[in-house]
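Observations on chain architecture
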Amino acid sequence: MIFPAIDLKNGQSVRLFQGNYQAVTTINEEPIQQALQIDTSGINQLHLVDLDGAKSGQPENFTTIKQIRQSFKGFLELGGGIRTYQIAQQYLELGIDRIVIGSAALKNPQLVKQLLNDFGKQKIAIGIDGKNGQVATEGWLEQSNVKMTDLISKMNEFGAQNFIVTDVSRDGTMQGPNLDLLANLKEELPQVNLIASGGIRNVEDLKALKKMGIEESIIGKALFEKTISLAQILEVEKC
């Protein structure tokens, strides 16, 4: 699955540059219309991020997320600020198909274990964000000393199967995904499903990812910059 991404801030669709909350570009003031456009294009999956929630640790764009869930017919994935059992359950009961646990995977691993046990591995993805192979948390505002490979291994032991890997230094830069990082992770952890995020520019990047066995990816800025279209995403998915 190739996921178009909608990042929510103050109820609007935006893009950040390298995770910088001060470097914000407004994409669409009506993200529900943006989601409907993706839906009517024939793409059956969408990745949502509550950027305000990622910063605060609480749902901050819940009303907009609920409206998008009601409008979008396909598979809906959501991350950003899901750090308690109650918030996770609230979103899953809302009908979110897969929630993304980021900071809590590092800071509260027992929560992830409980969510996996109660809701199953298909409902939970782990967001592994970082720089230089080390994990970043709190909406990328904090850098840890934990290696991505170590965190993935630990979460995999708990039963997690899906891992969204974002090189923060590539996000929003249109420089291409970090293929070396992804290849190293895939070689070291062949049993998990890696989902590529950050830096994807065009069809060639998507094909390069598929060639190395990464079937799922997330695209944000490239759609806004029109270096890739929804029609092209559909084309690659059929290959």
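Residues numbered from 1 in each chain as written. Predicted model: local features only at pLDDT ≥ 70, side-chain atom pairs only at ≥ 80, totals over all residues. Heavy atoms only, no water.

Turning our eyes to something else, we now look at the packing of aromatic side chains. All chains considered together, the criterion is met by three aromatic pairs. Pairing Phe-3 with Phe-75 gives two aromatic rings, centres 6.1 Å apart and planes at 65 degrees, and the pair type is edge-to-face. With a gap of 72 residues between them, Phe-3 in strand S1 (residues 2-9) and Phe-75 in strand S5 (residues 75-79) connect regions that are remote in the sequence. Of the residues examined, Phe-75 reaches a relative accessible area of 22% and is grouped as partly exposed. Geometrically, the ring pair formed by Tyr-85 and Phe-119 is tilted, given 5.8 Å between the ring centres and 35 degrees between the ring planes. Residue Tyr-85 is found in helix H4 (residues 85-94), and its partner Phe-119 is found in helix H6 (residues 109-119); the two are separated by 34 residues along the sequence. Classification of Tyr-85 by relative accessible area gives buried; the value is 18%. (Phe/Tyr/Trp six-rings, centres within 6.5 Å; stacked < 30°, edge-to-face > 60°. Helix = DSSP H or I, 4+ residues; strand = E, 2+ residues; numbered from the N terminus. Buried < 20%, exposed > 50% of the residue type's maximum accessible area, 1.4 Å probe, protein only.)

Right, let's get into the nonpolar core. Within soluble globular proteins, side chains that are nonpolar generally end up buried alongside one another. If you look at the biggest cluster of nonpolar residues, it comprises 61 residues, and the most contacted ones within it are Ile-101 and Ile-126. Looking at which element gives the most residues to this core, the answer is H4, with five residues. Setting aside residues up to four positions removed in sequence, Ile-101 forms contacts with Ile-82, Val-112, Leu-115, Ile-124, Ala-125, Ile-126 and Gly-127. The next biggest cluster of nonpolar side chains, apart from the first, holds seven residues, and it includes Val-100, Ala-125, Ile-164 and Ile-195. (Core = buried A, V, L, I, M, F, W, Y, C linked by side-chain atoms within 4.5 Å. Contact = heavy atoms within 4.5 Å.)

Our next topic: empty space enclosed by the protein. Scanning all chains against the criterion turns up two cavities of 30 Å³ or more. The computed volume of the second largest cavity comes to approximately 50 Å³. Considering the residues around the second largest cavity, the lining is formed by Val-165, Thr-166, Asp-167, Pro-177, Asn-178, Leu-181, Leu-182, Ala-196, Ser-197 and Gly-198. The set of elements that each furnish at least two residues to the lining of the second largest cavity consists of strand S10 (162-167), helix H8 (179-188) and strand S11 (193-197). (1 Å grid on protein atoms, 1.4 Å probe; cavity = no way out; pocket = protein on both sides within 12 Å on 5 of 7 lines; lining within 4 Å. Points joined across faces, edges and corners; volume = space filled by probe spheres on them.)

Direction vectors running N to C along H4 and H6 enclose 30 degrees, while the axes themselves pass 10 Å from each other. In this structure, the crossing between H4 and H6 has a hand that is right-handed. Between H4 and H6, the contacting residues are Tyr-85, Ala-88, Gln-89 and Leu-92 on the first element and Leu-111, Gln-114, Leu-115, Asp-118 and Phe-119 on the second. In the contact of H4 with H6, the residues fall into six nonpolar, two polar and one charged. (Axes fitted to C-alpha atoms, helices over the stretch in contact; angles between N-to-C directions. Left-handed = near helix turned anticlockwise from the far one by under 90°. Nonpolar A, V, L, I, M, F, W, Y, C, P; charged D, E, K, R; others polar.)

Overall, the coordinates contain six salt bridges when judged by the stated rule. A salt bridge links Arg-69 to Asp-97; its shortest N-O distance comes to 2.8 Å. Highlighted residues: Arg-69 in helix H3 (residues 62-71) and Asp-97 in the loop between H4 and strand S6 (98-101), separated in sequence by 28 residues. In this structure, Arg-201 and Asp-205 form a salt bridge, with 2.8 Å as the shortest nitrogen-oxygen distance. Residue classification places Arg-201 among the partly exposed residues on the basis of a relative accessible area of 29%. What you see here is one network of salt bridges that share partners, running through Glu-77, Arg-98 and Glu-216. (Salt bridge = Lys/Arg side-chain N within 4 Å of Asp/Glu carboxyl O.)

Before going further, it helps to examine unusual backbone geometry. A positive phi angle, close to 55 degrees, is found at Asn-10, a residue other than glycine. Within the fold, Asn-10 resides in the loop between S1 and strand S2 (12-17). Owing to a relative accessible area of 61%, Asn-10 belongs among the exposed residues under this scheme. A positive phi angle, close to 65 degrees, is found at Lys-226, a residue other than glycine.

Taken together, the buried positions of H8 are occupied by Leu-181, Leu-182 and Leu-185. All buried residues of H8 project into a common sector of 95 degrees when viewed along the axis, lining one side. Of the residues in H8, the exposed ones pointing more than 90 degrees away from the buried face are Asp-180 and Glu-187. Elements in contact with the buried residues of H8: helix H7 (148-157), S10, S11 and helix H9 (203-211). (Arc of directions from axis to C-beta.)

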